[in-house]
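Each chain is listed here by its residues.
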Amino acid sequence: SQSDAIVDALTNELSLIQGPGTGKSYTGDELLRVLVENQVKPILPIAFTNHALDHILRSGLDTGITKKVVRTGITFCRPKNI
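As annotated in an unreviewed UniProt entry, the protein chain is DNA2/NAM7 helicase helicase domain-containing protein from Hydnum rufescens UP504.

Next comes the structure, spelled out in structure tokens:
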């Protein structure tokens with residue numbers, strides 16, 4: 001479940017969240033919220049594609065979880081707020 005994935009990510013050095021229709025976006029948002037609220041730094045989200053990474057970063061900004069994002073690497077389309 002999504003709550004199990006969050007607990008797993010918070011209690012292990014490495015945690016993978018994958019699969020279609022598993023609530024990855026929601027889980028990622030909640031995990032990011034918990035990490036930011038607990039002042040865990042740095043947070044390094046990694047995704048298989050640039051599109052997925054942009055989605056994670058954009059969601060964190062759009063939901064107000066954070067206002068600070070540094071995007072490294074390349075992107076094929078420039079998101080307006082990253």
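Draft legend 1. The arrangement of unusual backbone geometry in detail. Put simply, Lys 41 and Pro 42 share a cis peptide bond, and its omega is -15°. For Gln 39, which is not glycine, the phi torsion reads 55° and is therefore positive. Positionally, Gln 39 belongs in the loop between α2 (24-37) and α3 (50-62).

Draft legend 2. Inspection of the pattern of salt bridges at higher detail. By the definition in use, this model includes three salt bridges. A salt bridge links Arg 33 to Glu 37, with the shortest nitrogen-to-oxygen separation between them at 3.1 Å. Here the residue Arg 33 and the residue Glu 37 both occupy positions in helix α2, the gap between them amounting to four residues, near one helical turn. In this structure, Arg 71 engages Asp 54 in a salt bridge whose closest nitrogen and oxygen atoms are separated by 2.8 Å.

Draft legend 3. Structural context of the environment of Gly 64. If you trace the backbone, Gly 64 turns up in the segment after α3. Among the residues examined, Gly 64 registers a relative accessible area of 51% and is labelled exposed.

Draft legend 4. Looking closely at α3. The end-to-end C-alpha distance of α3 is 18 Å, a good match for the 18 Å that 13 residues give at a rise of 1.5 Å each. Among all positions in α3, only Leu 53, Asp 54, Leu 57, Ser 59, Gly 60 and Leu 61 are buried. At its buried positions, α3 is contacted by α2. Among the residues trailing α3, Gly 64 stands out with phi positive, at a value near 80°.

Draft legend 5. The side chain of Asp 29, seen in detail. Note that Asp 29 resides in helix α2. Buried Asp 29, no salt bridge; nearest opposite-charge side chain is Arg 33, N-O distance 9.2 Å. Those residues in contact with Asp 29 that lie beyond four places of it in its chain are Ser 59, Gly 60, Thr 63 and Ile 65.

Draft legend 6. Main features of α2. In a regular helix each residue adds 1.5 Å, so 14 residues correspond to 20 Å; α2 covers 20 Å between its end C-alpha atoms and thus fits that length. When α2 is considered as a whole, its buried residues turn out to be Thr 27, Asp 29, Glu 30, Leu 31, Leu 32, Val 34 and Leu 35. Buried residues belonging to α2 abut α1 (2-11) and α3. Phi turns positive, to about 55°, at Gln 39, one or two residues after α2.

Cut-offs applied
Residues numbered from 1 in each chain as written. Predicted model: local features only at pLDDT ≥ 70, side-chain atom pairs only at ≥ 80, totals over all residues. Heavy atoms only, no water. Helix = DSSP H or I, 4+ residues; strand = E, 2+ residues; numbered from the N terminus. Salt bridge = Lys/Arg side-chain N within 4 Å of Asp/Glu carboxyl O. Buried < 20%, exposed > 50% of the residue type's maximum accessible area, 1.4 Å probe, protein only. Expected span 1.5 Å × (residues − 1). Contact = heavy atoms within 4.5 Å. Lys, Arg positive; Asp, Glu negative; His and termini not counted.

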